[in-house]
Amino acid sequence: MMNENLNKQELMLENGSTKNKLYSLLDPKYILILLPLLFVVAFAFIPMIKLFKLSFIDQNGFTLQYLSQVFTQKIYMQVILLTLKTGVIVTVLSIILAYPVAYFIVKTKSVRAKKVVLLIIMIPFWISLLVRTFSWIIILQDQGILNTLLIHIGLINKPLHLLYNTKSVTIGMVHVLFPFMVLNIYSSMENIDMQLVQVAQIMGAKPIKAFWQVFFPLSIPGILSGSILVFVLSLGYFITPSLLGGSQNMLISTLIQNNISATLNWPLAASLALVLFIITMALLIVLGLIMKRNHMIGDES
């Protein structure tokens, strides 16, 4: 009898703990996490896995034909290398342009001026990407604003070919991704204690030396986080390269779209998407390790 009573009590406790777990899952804080997670799994991960499956499974079963085609045919490797090259150039240009702007915002003492500059930087987010891209077509075309101005002031005699090439794609993508870099660097700079720079100057360091040896190293986490964001976004950008780029300067996103809509070669498009995904994840892991190492060095110092 005692054993039976103990078993009943254990069952009651187990049922009670199960109910408590179910009730805890119904807590609003868990629901706010679970619903977005389920949405991402259902509408992002599952379709992505099904697409990647096409790269090595066709109507005849398992095959590596399409993946080997990506790595053996020169045209596909050229497109992948051009995509990586363009991503690096866009990231570097974004850093060069964004760092002075972020530094200016941090050094500006007027709160109102800071808000105005940040508002100007945020304005592109409120304008359609198509509108911004078509505006570059108007500016860069042979009879566009830029060529007309350069001819009018006598710097050139004939229009420069600035559209439908790598230059136009780079310009358009830097314009689109520039705010992401500025905001990342600015958020990092905003947390830097400016008294450290002042102390360095009091100790005899010149302003330039104090900047490079004190302020700049502390802003590197913002540069790294902005670089990761800009580079990863540039790898998969579609609208800007497809509208501003030419057939000789095709990026991988445009090539994937052509294989899906024009040639209907879904397995090859899936293989290209899988390669892009693997490259992106590998780069994210490497950059994440670099950021972790930089953070550990900063803590030690």
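Residues numbered from 1 in each chain as written. Predicted model: local features only at pLDDT ≥ 70, side-chain atom pairs only at ≥ 80, totals over all residues. Heavy atoms only, no water.

A. Highlighting the overall build of the protein chain. When its secondary structure is counted, the protein chain shows 13 helices and 2 strands. Looking at the protein chain as a whole, 33% of its 301 residues qualify as buried. With the model as given, the accessible surface of the protein chain reaches about 19,400 Å², and the carbon-plus-sulfur share is 70%. (Helix = DSSP H or I, 4+ residues; strand = E, 2+ residues; numbered from the N terminus. Buried < 20%, exposed > 50% of the residue type's maximum accessible area, 1.4 Å probe, protein only. Areas by Shrake-Rupley, 256 points an atom, 1.4 Å probe, with all protein chains shown as cover.)

B. Here's a closer look at the side chain of Asn184. You can see Asn184 is positioned in helix H8 (residues 166-190). Here Asn184 is in contact with Gly222, Ser225, Gly226 and Leu229, once residues within four sequence places are set aside. (Contact = heavy atoms within 4.5 Å.)

C. Focus on the pattern of salt bridges. All chains considered together, the criterion is met by 1 salt bridge. Between Lys114 and Glu190 there is a salt bridge, and its shortest N-O distance comes to 4.0 Å. With Lys114 in helix H5 (residues 111-122) and Glu190 in helix H8, this pair connects stretches of sequence that are 76 residues apart. Classification of Lys114 by relative accessible area gives buried; the value is 17%. (Salt bridge = Lys/Arg side-chain N within 4 Å of Asp/Glu carboxyl O.)

D. View of unusual backbone geometry. Backbone geometry at Tyr164 places phi at a positive 60°, although glycine is not the residue there. With respect to the secondary-structure elements, Tyr164 resides in the loop between helix H7 (145-152) and H8. Under the relative-accessibility criterion, Tyr164 is labelled partly exposed at 46%. The residue Leu264 is not glycine, and still its phi comes out positive at about 60°.

E. A look at the environment of Asp193. With respect to the element layout, Asp193 can be found in the loop between H8 and helix H9 (195-202). Taking C-alpha positions, Asp193 is 8.8 Å from Phe215, a pair spaced 22 residues apart along the chain. Reaching out from Asp193, the side chain makes a polar contact with the backbone nitrogen of Gln195 at a distance of 3.1 Å. (Polar contact = N/O pair within 3.5 Å; in protein donor to acceptor, adjacent residues only side chain to side chain.)

F. Molecular detail of the side chain of Asn259. Along the chain, Asn259 falls in helix H12 (residues 252-261). Overall, the relative accessible area of 7% leaves Asn259 in the buried class. Discounting residues that sit within four places of it in the chain, Asn259 has contacts with Leu264, Asn265, Trp266, Leu268, Ala269 and Leu272.

G. Looking closely at the packing of helix H3 (residues 65-72) against helix H4 (residues 74-107). The interhelical angle for the contact between H3 and H4, taken along N-to-C directions, is 70°, at an axis separation of 5 Å. Between H3 and H4, the crossing angle belongs to the class labelled roughly perpendicular. Residues Gln69, Val70, Phe71 and Thr72 of H3 form the contact with H4, whose participating residues are Lys74, Tyr76, Met77 and Ile80. Taken together, the residues of the contact of H3 with H4 sort by class into 5 nonpolar, 2 polar and 1 charged. (Axes fitted to C-alpha atoms, helices over the stretch in contact; angles between N-to-C directions. Parallel < 35°, antiparallel > 145°, perpendicular 65-115°, else oblique. Nonpolar A, V, L, I, M, F, W, Y, C, P; charged D, E, K, R; others polar.)

H. Focus on the packing of helix H6 (residues 129-140) against H7. Their axes nearest at 4 Å, the elements H6 and H7 cross at an angle of 25°. One element, H6, and the other, H7, form an angle in the roughly parallel class. Contact residues: H6 offers Ile138, Ile139 and Leu140, while H7 offers Ile145, Leu146 and Asn147.

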